[in-house]
Amino acid sequence: MTNAATFPQLVIPNTLAAGPGPGNTDARVLQAYAGAGIADHMQPDVLRGMIECKHMLRTFMGTANVYTFGVAGTGWSGLDCMMSAVMPGDTVVVFANGTFSGIDALTLRMKASTREELAADSLNPQPASVTVIDVPHGQSVTGEIVEAALSEHKPKWAFMAHWETGSGRINDIAGFSDACLKHDAMGLVDAVSSLGVADFAIDDYKGVVGWASCPQKGLLCLPLTYAPVSLTDRYIQTLRASGCYTYANHPIMEARHWGIVDGHDVEKGTYHRTHSGYAVSAFHEALRINLADGLAKRAQDYIFHEKALTTAVTAMGCEVTSNMTSLVVLSLPPAFAGREMELVQNCRAQGFGIWPTLSAPVQIRIGILNLLNQAAITEIVTRFGQAMNDIGADVDIAAITAGLETHFQSTMAA
Ligand SMILES: *Cc1c(COP(=O)(O)O)cnc(C)c1O
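Everything numeric here is computed off the predicted structure, so don't read it as measured data. (Residues numbered from 1 in each chain as written. Predicted model: local features only at pLDDT ≥ 70, side-chain atom pairs only at ≥ 80, totals over all residues. Heavy atoms only, no water.)

## Side note on the sheet that holds strand 15 (residues 364-367)
Phase 1 of the analysis: Read across the sheet, four strands follow the order 12-13-15-14 without closing on themselves; strand pairing throughout is antiparallel. Strands with a single pairing partner mark the edges of an open sheet, and in this sheet they are strand 12 (319-320) and strand 14 (355-356).
Phase 2 of the analysis: Alignment of strand 13 (residues 327-331) against strand 15, held across four bridges, turns out to be antiparallel. Across the sheet, Val329 pairs through a bridge with Arg365, a residue of strand 15. (Pairing = 2+ DSSP bridges. Helix = DSSP H or I, 4+ residues; strand = E, 2+ residues; numbered from the N terminus.)

## Comments concerning the packing of helix 11 (residues 295-315) against helix 13 (residues 374-390)
Phase 1 of the analysis: The N-to-C vectors of helix 11 and helix 13 enclose an angle of 20°; their axes lie 10 Å apart at closest approach. When the interaxial angle is binned, helix 11 and helix 13 end up roughly parallel. Here the hand of the crossing between helix 11 and helix 13 comes out right-handed. Touching His305, Ala308, Leu309, Ala312 and Val313 of helix 11 are Gln374, Ile377, Ile380, Val381 and Phe384, all from helix 13.
Phase 2 of the analysis: A per-class count over the contact of helix 11 with helix 13 returns eight nonpolar, two polar and no charged. (Axes fitted to C-alpha atoms, helices over the stretch in contact; angles between N-to-C directions. Parallel < 35°, antiparallel > 145°, perpendicular 65-115°, else oblique. Left-handed = near helix turned anticlockwise from the far one by under 90°. Contact = heavy atoms within 4.5 Å. Nonpolar A, V, L, I, M, F, W, Y, C, P; charged D, E, K, R; others polar.)

## Quick word on the domain arrangement of the protein chain
Phase 1 of the analysis: In terms of domains, the protein chain is made up of domain 1 (27-291) and domain 2 (295-413).
Phase 2 of the analysis: The straight-line distance from the C-alpha centre of domain 1 to that of domain 2 is 30 Å.
Phase 3 of the analysis: Taking both sides of the interface into account, the surface hidden between domain 1 and domain 2 amounts to around 1,900 Å²; carbon and sulfur atoms contribute 57%.
Phase 4 of the analysis: Ranking the residues of domain 1 by area buried against domain 2 places His137, Val197 and Leu220 at the top, with a combined share of 28%.
Phase 5 of the analysis: Seen at the junction of domain 1 and domain 2, the total is zero salt bridges.
Phase 6 of the analysis: Counting across the domain 1 and domain 2 interface gives eight residue pairs in polar contact (both at pLDDT 80 or more).
Phase 7 of the analysis: Of all elements in the fold, only helix 4 (99-112), strand 5 (163-164), strand 6 (169-170) and helix 10 (277-293) reach the threshold of two or more residues within the side of domain 1 that touches domain 2.
Phase 8 of the analysis: Among the residues forming the side of domain 1 that touches domain 2, the class breakdown is nine nonpolar, 14 polar and four charged. (Domains from an automatic or database assignment. Buried area = accessible area lost by both parts, 1.4 Å probe. Salt bridge = Lys/Arg side-chain N within 4 Å of Asp/Glu carboxyl O. Polar contact = N/O pair within 3.5 Å; in protein donor to acceptor, adjacent residues only side chain to side chain.)

Listed below in structure tokens is the structure:
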């Protein structure tokens, strides 16, 4: 028989979370989470908090889309909500250049499958109406690739990840949007990794009708909260006409709890599902922090700190193949090729939470979400250099950290 004594209280250590996500949650967010009183999901301050979050989200995402709100859960919850308008038999062109856009492609293949296509291979369906354009690992999806595929297939929907976190690549969102406009495809975008890290306004990309992100990357709000989504009127009209097969993640129905009814803001939300006062409080504080910092400054900080990290690991002989500013994806020097997984496992065993790539080829991913200061970058660089030396490299850690010091001094002076 198991009882409480069989399982002592779970203690989870504090690690150096230097992966692709989740990022280090701001202490103020955790305080807001733990400091909220117990209140139900229709209590006035909880509802007011959701309305305020909605308005902050619109500013944060740079949009006038009324249908901008949070979907309870993680990135995949928001993506599922956004993709729910894709119905069996719909034509879709998907651009995949890594793990996450690969899973997005799977989601879209599931949603666009007919019953027969789904039953034929239910966990990995291959519907005739979906075209997946595979772009090799380590490369970006370019505007030319999108233009060529959309002009050939003329789909109802087109999909791309803005930043592909699997390979650390930034894809051409402007080229994607332009091609969608030109070929009258409705663009859907996975902005899980870019929101809160890149300085952009979604309303600048008129070809995109749906955006979905997550709480725990650029927003720094891990306590399971809300995945931001933003949907244009065209998207909502299309959805209203076709319907979709979900209640919980139904974009129109879910929006009601955020005070969005029939395309308009109303004073307070109506019940859709139970919301947690803790989550609303945390999400609200995360948005306040992000807005106070400003996207432009955040984006600059990421660019500066990513450059410091990339310069340091390059000086160790590693080859960086990513161009995201929150994440460095690298291969070890030729003499250590193939030992990436071993090195990652050694680091993780010591509470240094870096990641391997999740699809081939095996590379190392080091992220800097909410680690935007000299001390954090120096610790990452030092621990990584040590891990390389532990498998037999000869990294001069002192020289590398001296280089870092120069990088930080130079801009402080500038
Ligand atoms: C992290 C990530 C996801 C998945 O988000 P979860 O919060 O794990 O559900 C999807 N897409 C991209 C691009 C990501 O980086």
